[in-house]
Amino acid sequence: MAKIVIIDDEPTMVEVISTLCRENGHIVSPFNSAEKALEELPGINPQVVIADIKMEKVTGFDVLQECRRTLPQTAVILITAYASVEKAVEAMKLGAYDFITKPFKIDELKFTVQRALDYQSAVRENVYLKKEVKNRYRFENIVGTSRAMTEVFNLINKVADTDSTILIQGESGTGKELVARALHFNSKRQNAPFVAVNCSALPENLLESELFGHKKGAFTGAFQDKIGLFEEAEGGTIFLDEVNSMALSLQTKLLRVLQERMIRRVGDTKTVPINVRVVAASNEQLQAKMRNGSFREDLYYRLAVIPMDLPSLRERTEDIPLLVNYFLQKNSTQTNTEPKKIEPDAIDTLGRYAWPGNVRELENSIERACALCEDGLIRVVDLPPHIQGRQSGPGGENNIIEMPIGLRLEEFIANEERAYIEQTLRHNNGSREKTASMLGISMATLYRKLELKSKQRA
Ligand SMILES: Nc1ncnc2c1ncn2[C@@H]1O[C@H](COP(=O)(O)OP(=O)(O)OP(=O)(O)O)[C@@H](O)[C@H]1O
Ligand SMILES: [Mg+2]
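Residues numbered from 1 in each chain as written. Chains lettered and ligands numbered in written order. Predicted model: local features only at pLDDT ≥ 70, side-chain atom pairs only at ≥ 80, totals over all residues. Heavy atoms only, no water.

## Examining helix 2 (residues 34-44)
Each α-helix winds once per 3.6 residues, and so residues spaced three or four apart point in a common direction.
1) Next: Those residues of helix 2 lying buried are Ala 34, Ala 37, Leu 41 and Ile 44. Angularly, the buried residues of helix 2 cover 80 degrees about the axis, an arc narrow enough to put them on a single face. Facing away from the buried surface of helix 2 by more than 90 degrees, the exposed residues are Glu 39 and Gly 43.
2) Next: Packing partners of the buried residues in helix 2 comprise strand 1 (3-7), strand 2 (27-31), strand 3 (48-52) and helix 3 (60-70).
3) Next: The distance from a side-chain oxygen at the start of helix 2 to the backbone nitrogen of Glu 35 is 3.4 Å, and the residue carrying that oxygen is Ser 33.
4) Next: Of the residues flanking the end of helix 2, it is Asn 45, one or two places downstream, whose phi is positive at about 45 degrees. (Buried < 20%, exposed > 50% of the residue type's maximum accessible area, 1.4 Å probe, protein only. Helix = DSSP H or I, 4+ residues; strand = E, 2+ residues; numbered from the N terminus. Arc of directions from axis to C-beta. Contact = heavy atoms within 4.5 Å. Polar contact = N/O pair within 3.5 Å; in protein donor to acceptor, adjacent residues only side chain to side chain.)

Structure (C-alpha coordinates):
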(Lines give C-alpha, C1' and ligand atoms only; values in the text may rest on other atoms or scores of the structure.)
(Ligands and ions follow the chains in the order given, each with its own letter.)
Protein backbone atom coordinates (compact mmCIF):
# COMPACT_ATOMS: atom_id res chain seq x y z
CA MET A 1 0.00 0.00 0.00
CA ALA A 2 1.48 3.31 -1.09
CA LYS A 3 0.46 6.95 -1.23
CA ILE A 4 -0.02 8.08 -4.83
CA VAL A 5 -0.85 11.57 -6.05
CA ILE A 6 -2.55 11.90 -9.43
CA ILE A 7 -2.61 15.27 -11.24
CA ASP A 8 -4.37 15.91 -14.53
CA ASP A 9 -6.65 18.71 -15.64
CA GLU A 10 -8.79 16.17 -17.48
CA PRO A 11 -11.22 14.82 -14.83
CA THR A 12 -11.96 11.51 -16.58
CA MET A 13 -8.28 10.74 -16.79
CA VAL A 14 -7.87 11.34 -13.05
CA GLU A 15 -10.90 9.08 -12.47
CA VAL A 16 -9.50 6.22 -14.52
CA ILE A 17 -6.04 6.25 -12.99
CA SER A 18 -7.39 6.73 -9.45
CA THR A 19 -9.70 3.76 -9.76
CA LEU A 20 -6.92 1.62 -11.10
CA CYS A 21 -4.55 2.56 -8.28
CA ARG A 22 -7.22 2.09 -5.61
CA GLU A 23 -7.96 -1.36 -7.00
CA ASN A 24 -4.33 -2.16 -6.40
CA GLY A 25 -4.66 -1.18 -2.76
CA HIS A 26 -3.04 2.25 -2.86
CA ILE A 27 -4.16 5.44 -1.15
CA VAL A 28 -4.92 7.96 -3.85
CA SER A 29 -5.02 11.77 -3.69
CA PRO A 30 -6.52 13.01 -6.98
CA PHE A 31 -6.11 16.62 -8.20
CA ASN A 32 -7.54 18.45 -11.21
CA SER A 33 -5.28 21.40 -10.65
CA ALA A 34 -1.51 21.35 -10.36
CA GLU A 35 -1.43 24.53 -8.22
CA LYS A 36 -3.61 22.90 -5.58
CA ALA A 37 -1.56 19.70 -5.77
CA LEU A 38 1.74 21.54 -5.24
CA GLU A 39 0.36 23.14 -2.09
CA GLU A 40 -0.59 19.82 -0.60
CA LEU A 41 2.23 17.62 -1.82
CA PRO A 42 4.61 18.18 1.12
CA GLY A 43 1.87 17.26 3.59
CA ILE A 44 1.03 14.07 1.70
CA ASN A 45 4.65 13.04 1.08
CA PRO A 46 3.65 10.40 -1.50
CA GLN A 47 5.82 7.59 -2.80
CA VAL A 48 4.66 8.25 -6.37
CA VAL A 49 3.30 11.25 -8.26
CA ILE A 50 1.63 10.72 -11.64
CA ALA A 51 1.20 14.01 -13.52
CA ASP A 52 0.16 15.04 -16.99
CA ILE A 53 2.80 17.08 -18.77
CA LYS A 54 0.41 19.34 -20.65
CA MET A 55 -1.69 21.32 -18.23
CA GLU A 56 -2.69 25.00 -18.16
CA LYS A 57 -0.32 27.31 -16.25
CA VAL A 58 1.52 24.82 -14.08
CA THR A 59 2.75 21.91 -16.21
CA GLY A 60 3.86 18.39 -15.37
CA PHE A 61 7.46 19.55 -15.72
CA ASP A 62 6.87 22.15 -13.02
CA VAL A 63 5.46 19.45 -10.75
CA LEU A 64 8.48 17.31 -11.49
CA GLN A 65 10.94 20.08 -10.64
CA GLU A 66 9.13 20.93 -7.44
CA CYS A 67 9.18 17.28 -6.39
CA ARG A 68 12.90 16.95 -7.14
CA ARG A 69 13.49 19.99 -4.97
CA THR A 70 11.28 19.25 -2.00
CA LEU A 71 10.54 15.52 -2.15
CA PRO A 72 13.72 13.95 -3.53
CA GLN A 73 12.59 10.44 -2.62
CA THR A 74 9.28 10.64 -4.51
CA ALA A 75 9.18 8.93 -7.91
CA VAL A 76 7.48 11.02 -10.60
CA ILE A 77 5.78 9.46 -13.60
CA LEU A 78 4.75 11.87 -16.36
CA ILE A 79 1.93 11.34 -18.83
CA THR A 80 1.89 12.85 -22.25
CA ALA A 81 -0.51 12.70 -25.14
CA TYR A 82 2.12 13.90 -27.52
CA ALA A 83 4.41 10.97 -27.63
CA SER A 84 7.70 12.36 -28.68
CA VAL A 85 11.20 11.25 -27.94
CA GLU A 86 12.28 14.76 -26.99
CA LYS A 87 9.65 15.06 -24.29
CA ALA A 88 10.62 11.71 -22.86
CA VAL A 89 14.30 12.56 -22.87
CA GLU A 90 13.63 15.91 -21.27
CA ALA A 91 11.46 14.32 -18.59
CA MET A 92 14.10 11.73 -17.75
CA LYS A 93 16.87 14.32 -17.69
CA LEU A 94 14.90 16.37 -15.24
CA GLY A 95 14.68 13.34 -13.01
CA ALA A 96 11.35 11.75 -13.88
CA TYR A 97 11.27 8.10 -12.97
CA ASP A 98 9.43 7.18 -16.16
CA PHE A 99 6.77 8.43 -18.54
CA ILE A 100 3.76 6.94 -20.26
CA THR A 101 1.97 8.07 -23.36
CA LYS A 102 -1.76 8.44 -23.80
CA PRO A 103 -3.59 6.30 -24.68
CA PHE A 104 -2.07 3.63 -22.46
CA LYS A 105 -3.09 0.12 -21.58
CA ILE A 106 -4.17 -0.59 -18.00
CA ASP A 107 -1.42 -3.16 -17.55
CA GLU A 108 1.18 -0.73 -18.76
CA LEU A 109 0.24 1.83 -16.14
CA LYS A 110 0.01 -0.81 -13.42
CA PHE A 111 3.42 -2.14 -14.29
CA THR A 112 5.05 1.30 -14.40
CA VAL A 113 3.60 2.25 -11.00
CA GLN A 114 4.73 -1.01 -9.43
CA ARG A 115 8.24 -0.61 -10.78
CA ALA A 116 8.38 2.95 -9.47
CA LEU A 117 7.31 1.72 -6.05
CA ASP A 118 9.94 -1.03 -5.99
CA TYR A 119 12.62 1.40 -7.04
CA GLN A 120 11.41 3.97 -4.60
CA SER A 121 11.46 1.64 -1.61
CA ALA A 122 15.00 0.61 -2.57
CA VAL A 123 15.99 4.30 -2.57
CA ARG A 124 14.42 4.90 0.82
CA GLU A 125 16.04 1.81 2.27
CA ASN A 126 19.39 2.84 0.94
CA VAL A 127 19.17 6.32 2.42
CA TYR A 128 18.15 4.74 5.69
CA LEU A 129 20.95 2.18 5.61
CA LYS A 130 23.55 4.82 4.85
CA LYS A 131 22.34 6.88 7.77
CA GLU A 132 22.41 3.87 10.04
CA VAL A 133 25.87 2.83 9.02
CA LYS A 134 27.16 6.34 9.61
CA ASN A 135 25.61 6.42 13.03
CA ARG A 136 27.12 3.15 13.95
CA TYR A 137 30.63 4.21 13.11
CA ARG A 138 30.66 7.73 14.29
CA PHE A 139 33.29 8.38 16.88
CA GLU A 140 31.00 8.19 19.82
CA ASN A 141 30.87 4.45 19.31
CA ILE A 142 34.53 4.23 20.13
CA VAL A 143 34.49 4.59 23.85
CA GLY A 144 37.36 5.89 25.95
CA THR A 145 38.54 9.03 27.68
CA SER A 146 41.96 7.77 28.74
CA ARG A 147 44.95 9.60 27.44
CA ALA A 148 45.87 6.74 25.14
CA MET A 149 42.41 6.77 23.54
CA THR A 150 42.33 10.56 23.28
CA GLU A 151 45.50 10.32 21.25
CA VAL A 152 43.83 7.76 19.00
CA PHE A 153 40.82 10.05 18.47
CA ASN A 154 43.06 12.99 17.64
CA LEU A 155 44.93 10.94 15.12
CA ILE A 156 41.72 9.67 13.49
CA ASN A 157 40.55 13.26 13.18
CA LYS A 158 43.76 14.36 11.62
CA VAL A 159 44.17 11.61 9.08
CA ALA A 160 40.65 10.36 8.21
CA ASP A 161 40.28 12.71 5.30
CA THR A 162 43.69 12.13 3.77
CA ASP A 163 44.45 9.37 1.30
CA SER A 164 47.50 8.13 3.19
CA THR A 165 47.80 4.44 3.89
CA ILE A 166 47.31 3.59 7.54
CA LEU A 167 48.58 0.67 9.54
CA ILE A 168 46.61 -0.04 12.70
CA GLN A 169 48.39 -2.28 15.16
CA GLY A 170 46.98 -3.61 18.36
CA GLU A 171 46.23 -6.80 20.22
CA SER A 172 43.16 -8.81 19.41
CA GLY A 173 39.92 -7.06 20.41
CA THR A 174 41.35 -3.56 20.81
CA GLY A 175 39.02 -2.09 18.19
CA LYS A 176 41.11 -2.13 15.01
CA GLU A 177 38.16 -2.76 12.75
CA LEU A 178 36.10 -0.14 14.58
CA VAL A 179 38.84 2.43 13.98
CA ALA A 180 39.19 1.41 10.33
CA ARG A 181 35.47 2.00 9.81
CA ALA A 182 35.61 5.31 11.67
CA LEU A 183 38.42 6.39 9.33
CA HIS A 184 36.32 5.53 6.29
CA PHE A 185 33.04 6.99 7.50
CA ASN A 186 34.72 10.24 8.49
CA SER A 187 36.42 10.70 5.14
CA LYS A 188 35.24 12.11 1.85
CA ARG A 189 35.09 8.52 0.65
CA GLN A 190 32.22 7.74 3.04
CA ASN A 191 29.63 7.27 0.29
CA ALA A 192 31.81 4.82 -1.62
CA PRO A 193 32.28 1.23 -0.38
CA PHE A 194 34.19 0.12 2.69
CA VAL A 195 35.46 -3.37 1.88
CA ALA A 196 36.99 -5.49 4.64
CA VAL A 197 39.17 -8.51 3.82
CA ASN A 198 40.53 -10.89 6.40
CA CYS A 199 43.91 -11.89 5.00
CA SER A 200 44.21 -14.88 7.32
CA ALA A 201 40.94 -16.47 6.25
CA LEU A 202 42.02 -17.73 2.81
CA PRO A 203 44.95 -19.66 1.39
CA GLU A 204 47.42 -17.59 -0.60
CA ASN A 205 46.17 -18.21 -4.16
CA LEU A 206 42.52 -17.75 -3.29
CA LEU A 207 43.32 -14.55 -1.44
CA GLU A 208 45.15 -13.25 -4.48
CA SER A 209 42.16 -13.78 -6.75
CA GLU A 210 39.85 -12.42 -4.06
CA LEU A 211 41.90 -9.22 -3.83
CA PHE A 212 42.74 -8.66 -7.47
CA GLY A 213 40.11 -10.69 -9.34
CA HIS A 214 40.78 -13.20 -12.11
CA LYS A 215 40.28 -13.91 -15.78
CA LYS A 216 38.12 -16.77 -16.92
CA GLY A 217 40.27 -19.89 -17.14
CA ALA A 218 43.09 -18.44 -15.04
CA PHE A 219 42.97 -21.56 -12.88
CA THR A 220 40.74 -24.62 -12.44
CA GLY A 221 37.39 -23.39 -11.26
CA ALA A 222 37.73 -19.91 -12.74
CA PHE A 223 34.65 -20.27 -14.89
CA GLN A 224 34.22 -16.60 -15.56
CA ASP A 225 35.93 -13.25 -15.18
CA LYS A 226 35.65 -11.92 -11.65
CA ILE A 227 36.54 -8.51 -10.31
CA GLY A 228 38.51 -8.38 -7.10
CA LEU A 229 37.89 -6.55 -3.86
CA PHE A 230 40.29 -3.74 -4.79
CA GLU A 231 38.08 -2.94 -7.76
CA GLU A 232 34.95 -3.40 -5.68
CA ALA A 233 36.22 -0.78 -3.26
CA GLU A 234 36.77 1.75 -6.07
CA GLY A 235 36.51 5.27 -4.71
CA GLY A 236 36.32 3.95 -1.16
CA THR A 237 38.48 2.14 1.37
CA ILE A 238 39.84 -1.40 1.48
CA PHE A 239 40.57 -2.75 4.95
CA LEU A 240 43.27 -5.42 4.89
CA ASP A 241 42.69 -7.09 8.22
CA GLU A 242 45.37 -9.38 9.72
CA VAL A 243 47.81 -8.33 7.02
CA ASN A 244 50.50 -9.96 9.18
CA SER A 245 49.35 -13.38 8.01
CA MET A 246 49.83 -12.63 4.32
CA ALA A 247 52.25 -14.97 2.52
CA LEU A 248 55.54 -13.43 1.38
CA SER A 249 54.83 -13.85 -2.34
CA LEU A 250 51.51 -12.07 -2.00
CA GLN A 251 53.20 -9.35 0.05
CA THR A 252 55.36 -8.68 -3.00
CA LYS A 253 52.27 -8.32 -5.19
CA LEU A 254 50.57 -6.04 -2.68
CA LEU A 255 53.67 -3.88 -2.52
CA ARG A 256 53.56 -3.44 -6.28
CA VAL A 257 49.88 -2.45 -6.13
CA LEU A 258 50.59 0.16 -3.46
CA GLN A 259 53.49 1.56 -5.47
CA GLU A 260 51.80 1.63 -8.84
CA ARG A 261 48.17 2.08 -7.84
CA MET A 262 47.32 -0.50 -10.49
CA ILE A 263 46.08 -4.04 -10.14
CA ARG A 264 46.36 -6.98 -12.46
CA ARG A 265 43.71 -9.69 -12.34
CA VAL A 266 45.06 -13.23 -11.98
CA GLY A 267 45.64 -14.62 -15.46
CA ASP A 268 45.39 -11.24 -17.15
CA THR A 269 48.11 -9.27 -18.89
CA LYS A 270 46.62 -5.82 -18.67
CA THR A 271 46.54 -3.67 -15.56
CA VAL A 272 43.67 -1.58 -14.20
CA PRO A 273 44.17 1.70 -12.33
CA ILE A 274 42.56 1.90 -8.90
CA ASN A 275 41.56 4.70 -6.60
CA VAL A 276 41.30 3.05 -3.22
CA ARG A 277 42.46 4.09 0.23
CA VAL A 278 44.24 1.28 2.02
CA VAL A 279 43.90 0.69 5.75
CA ALA A 280 45.70 -2.37 7.09
CA ALA A 281 45.59 -3.97 10.51
CA SER A 282 47.84 -6.36 12.36
CA ASN A 283 47.41 -8.03 15.71
CA GLU A 284 51.11 -8.81 15.91
CA GLN A 285 53.94 -6.32 15.97
CA LEU A 286 55.06 -6.26 12.33
CA GLN A 287 58.49 -4.97 13.30
CA ALA A 288 59.13 -8.30 15.02
CA LYS A 289 57.99 -10.21 11.93
CA MET A 290 60.24 -8.04 9.80
CA ARG A 291 63.21 -8.97 11.93
CA ASN A 292 62.62 -12.68 11.52
CA GLY A 293 62.04 -12.27 7.78
CA SER A 294 58.35 -13.17 7.64
CA PHE A 295 57.23 -9.67 6.70
CA ARG A 296 58.74 -7.53 3.96
CA GLU A 297 60.36 -4.42 5.28
CA ASP A 298 59.53 -2.33 2.19
CA LEU A 299 55.88 -3.33 2.45
CA TYR A 300 55.85 -2.39 6.11
CA TYR A 301 57.01 1.14 5.30
CA ARG A 302 54.48 1.42 2.46
CA LEU A 303 51.66 0.43 4.81
CA ALA A 304 52.79 2.32 7.86
CA VAL A 305 52.78 5.75 6.22
CA ILE A 306 50.65 6.59 9.23
CA PRO A 307 51.11 4.04 11.99
CA MET A 308 48.39 3.85 14.59
CA ASP A 309 48.86 1.80 17.75
CA LEU A 310 45.78 0.89 19.72
CA PRO A 311 46.32 0.53 23.44
CA SER A 312 45.48 -2.75 25.14
CA LEU A 313 42.71 -2.57 27.69
CA ARG A 314 45.11 -3.17 30.56
CA GLU A 315 46.97 -0.02 29.54
CA ARG A 316 43.79 1.99 29.94
CA THR A 317 41.94 0.44 32.86
CA GLU A 318 40.48 3.87 33.69
CA ASP A 319 38.20 3.38 30.66
CA ILE A 320 36.72 0.16 32.05
CA PRO A 321 33.78 1.74 33.96
CA LEU A 322 32.84 3.80 30.92
CA LEU A 323 33.04 0.79 28.63
CA VAL A 324 31.00 -1.31 31.05
CA ASN A 325 28.33 1.33 31.09
CA TYR A 326 28.37 1.51 27.31
CA PHE A 327 27.93 -2.25 26.99
CA LEU A 328 25.14 -2.28 29.60
CA GLN A 329 23.29 0.31 27.52
CA LYS A 330 23.98 -1.61 24.35
CA ASN A 331 22.66 -4.79 25.92
CA SER A 332 19.55 -3.00 27.11
CA THR A 333 18.82 -1.73 23.60
CA GLN A 334 19.47 -5.11 22.03
CA THR A 335 17.34 -7.07 24.48
CA ASN A 336 14.77 -4.30 24.85
CA THR A 337 15.02 -4.41 28.65
CA GLU A 338 15.89 -1.92 31.38
CA PRO A 339 19.67 -1.36 31.59
CA LYS A 340 21.24 -3.60 34.23
CA LYS A 341 23.17 -2.10 37.12
CA ILE A 342 26.52 -3.31 38.35
CA GLU A 343 27.83 -3.29 41.92
CA PRO A 344 31.09 -1.45 42.68
CA ASP A 345 32.86 -4.67 43.74
CA ALA A 346 32.23 -6.15 40.33
CA ILE A 347 33.64 -3.06 38.62
CA ASP A 348 36.74 -3.34 40.83
CA THR A 349 37.12 -7.00 39.89
CA LEU A 350 36.94 -6.10 36.19
CA GLY A 351 39.58 -3.43 36.75
CA ARG A 352 42.03 -5.95 38.21
CA TYR A 353 41.81 -8.48 35.39
CA ALA A 354 44.45 -8.51 32.61
CA TRP A 355 42.09 -8.71 29.60
CA PRO A 356 44.14 -10.63 27.04
CA GLY A 357 41.11 -10.42 24.72
CA ASN A 358 40.74 -6.70 25.41
CA VAL A 359 37.48 -4.85 24.72
CA ARG A 360 35.92 -7.82 22.93
CA GLU A 361 36.47 -9.97 26.01
CA LEU A 362 35.01 -7.26 28.23
CA GLU A 363 31.97 -6.94 25.97
CA ASN A 364 31.40 -10.70 26.04
CA SER A 365 31.80 -10.82 29.82
CA ILE A 366 29.22 -8.07 30.26
CA GLU A 367 26.81 -9.76 27.90
CA ARG A 368 27.17 -13.00 29.83
CA ALA A 369 26.73 -11.22 33.16
CA CYS A 370 23.59 -9.47 31.91
CA ALA A 371 22.10 -12.86 31.07
CA LEU A 372 23.07 -14.47 34.38
CA CYS A 373 22.42 -11.75 36.93
CA GLU A 374 19.37 -11.60 39.16
CA ASP A 375 17.12 -8.62 39.90
CA GLY A 376 18.87 -6.45 37.35
CA LEU A 377 22.10 -6.16 39.37
CA ILE A 378 25.41 -7.60 38.22
CA ARG A 379 27.45 -8.95 41.13
CA VAL A 380 30.95 -10.42 41.23
CA VAL A 381 29.52 -13.96 41.00
CA ASP A 382 27.93 -13.13 37.67
CA LEU A 383 31.33 -12.52 36.07
CA PRO A 384 33.16 -15.34 34.29
CA PRO A 385 34.98 -17.49 36.91
CA HIS A 386 38.48 -16.82 35.56
CA ILE A 387 37.84 -13.12 35.89
CA GLN A 388 36.63 -13.40 39.48
CA GLY A 389 39.53 -15.78 39.77
CA ARG A 390 42.22 -14.41 41.97
CA GLN A 391 39.97 -12.68 44.40
CA SER A 392 40.19 -13.65 48.02
CA GLY A 393 39.00 -12.41 51.34
CA PRO A 394 35.90 -12.48 53.44
CA GLY A 395 32.59 -13.41 51.95
CA GLY A 396 34.28 -15.49 49.23
CA GLU A 397 31.41 -17.17 47.43
CA ASN A 398 31.14 -20.41 45.49
CA ASN A 399 33.18 -19.49 42.47
CA ILE A 400 35.86 -17.49 44.16
CA ILE A 401 39.24 -19.18 44.18
CA GLU A 402 41.33 -18.72 47.28
CA MET A 403 44.94 -17.63 46.86
CA PRO A 404 47.39 -20.37 47.81
CA ILE A 405 49.15 -19.69 51.08
CA GLY A 406 52.64 -20.85 52.03
CA LEU A 407 54.41 -20.56 48.68
CA ARG A 408 57.75 -18.88 48.24
CA LEU A 409 57.31 -15.62 46.32
CA GLU A 410 59.36 -16.90 43.38
CA GLU A 411 57.19 -19.98 43.17
CA PHE A 412 54.01 -17.91 43.34
CA ILE A 413 55.16 -15.60 40.54
CA ALA A 414 56.15 -18.58 38.37
CA ASN A 415 52.68 -20.08 38.87
CA GLU A 416 50.94 -16.86 37.94
CA GLU A 417 53.16 -16.46 34.92
CA ARG A 418 52.43 -19.98 33.77
CA ALA A 419 48.68 -19.49 34.14
CA TYR A 420 48.83 -16.29 32.19
CA ILE A 421 50.91 -17.76 29.38
CA GLU A 422 48.53 -20.71 29.12
CA GLN A 423 45.53 -18.43 29.02
CA THR A 424 47.10 -16.30 26.31
CA LEU A 425 48.02 -19.41 24.32
CA ARG A 426 44.43 -20.66 24.54
CA HIS A 427 43.19 -17.26 23.49
CA ASN A 428 45.40 -17.43 20.40
CA ASN A 429 44.28 -20.96 19.59
CA GLY A 430 47.70 -22.32 20.43
CA SER A 431 49.65 -19.96 18.16
CA ARG A 432 53.00 -19.45 19.85
CA GLU A 433 53.93 -16.66 17.47
CA LYS A 434 50.86 -14.61 18.35
CA THR A 435 51.28 -15.42 22.02
CA ALA A 436 54.89 -14.23 22.10
CA SER A 437 53.93 -11.07 20.27
CA MET A 438 51.01 -10.40 22.60
CA LEU A 439 53.14 -10.99 25.68
CA GLY A 440 55.89 -8.81 24.29
CA ILE A 441 58.54 -11.54 24.58
CA SER A 442 60.67 -13.22 21.94
CA MET A 443 59.83 -16.65 20.59
CA ALA A 444 62.99 -17.93 22.25
CA THR A 445 61.81 -16.71 25.65
CA LEU A 446 58.39 -18.21 25.11
CA TYR A 447 59.90 -21.57 24.16
CA ARG A 448 62.14 -21.45 27.19
CA LYS A 449 59.22 -20.74 29.46
CA LEU A 450 57.08 -23.42 27.84
CA GLU A 451 59.91 -25.93 28.08
CA LEU A 452 60.45 -25.02 31.68
CA LYS A 453 56.80 -25.64 32.25
CA SER A 454 56.82 -29.10 30.74
CA LYS A 455 59.97 -29.94 32.71
CA GLN A 456 58.34 -28.76 35.88
CA ARG A 457 55.36 -30.94 35.09
CA ALA A 458 57.41 -33.99 34.28
N1 LIG B 1 36.92 1.61 22.18
C2 LIG B 1 35.87 0.81 22.01
N3 LIG B 1 34.65 1.23 22.37
C4 LIG B 1 33.57 0.45 22.22
N5 LIG B 1 33.60 -0.79 21.72
C6 LIG B 1 34.80 -1.27 21.35
C7 LIG B 1 35.99 -0.50 21.47
N8 LIG B 1 37.02 -1.23 21.02
C9 LIG B 1 36.51 -2.40 20.64
N10 LIG B 1 35.17 -2.44 20.82
C11 LIG B 1 34.28 -3.57 20.55
O12 LIG B 1 35.02 -4.76 20.76
C13 LIG B 1 34.81 -5.70 19.72
C14 LIG B 1 36.10 -5.99 19.01
O15 LIG B 1 36.49 -4.85 18.24
P16 LIG B 1 37.22 -5.02 16.81
O17 LIG B 1 36.60 -6.14 16.06
O18 LIG B 1 37.26 -3.69 16.17
O19 LIG B 1 38.65 -5.45 17.34
P20 LIG B 1 39.92 -5.92 16.52
O21 LIG B 1 41.06 -5.17 17.06
O22 LIG B 1 39.64 -5.83 15.07
O23 LIG B 1 40.06 -7.43 16.98
P24 LIG B 1 40.76 -8.69 16.20
O25 LIG B 1 42.22 -8.44 16.12
O26 LIG B 1 40.45 -9.84 17.10
O27 LIG B 1 40.09 -8.77 14.88
C28 LIG B 1 33.74 -5.10 18.83
O29 LIG B 1 32.48 -5.60 19.22
C30 LIG B 1 33.84 -3.63 19.09
O31 LIG B 1 32.62 -3.01 18.88
MG1 LIG C 1 39.43 -7.37 13.65
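## Structural notes on unusual backbone geometry
1) Next: Across the junction of Lys 102 and Pro 103, the peptide omega takes the value -5 degrees, indicating a cis bond.
2) Next: Following the sequence through the fold, Pro 103 ends up in the loop between strand 5 (98-101) and helix 5 (106-136).
3) Next: A positive phi angle, close to 55 degrees, is found at Asn 336, a residue other than glycine.
4) Next: Within the chain, Trp 355 stands out as a residue other than glycine whose phi angle is a positive 50 degrees.
5) Next: With respect to the helices, strands and loops of the structure, Trp 355 is situated in the loop between helix 14 (344-352) and helix 15 (358-372).

## With respect to the side chain of Arg 189
1) Next: If you trace the backbone, Arg 189 turns up in the loop between helix 7 (176-185) and strand 7 (194-198).
2) Next: Overall, the relative accessible area of 8% leaves Arg 189 in the buried class.
3) Next: Looking at Arg 189, its side chain comes within polar contact range of the side chain of Asp 163, at 3.1 Å.
4) Next: There is a polar contact of 3.1 Å between the side chain of Arg 189 and the backbone oxygen of Gly 235.

By themselves, these observations are geometric and do not establish any function.
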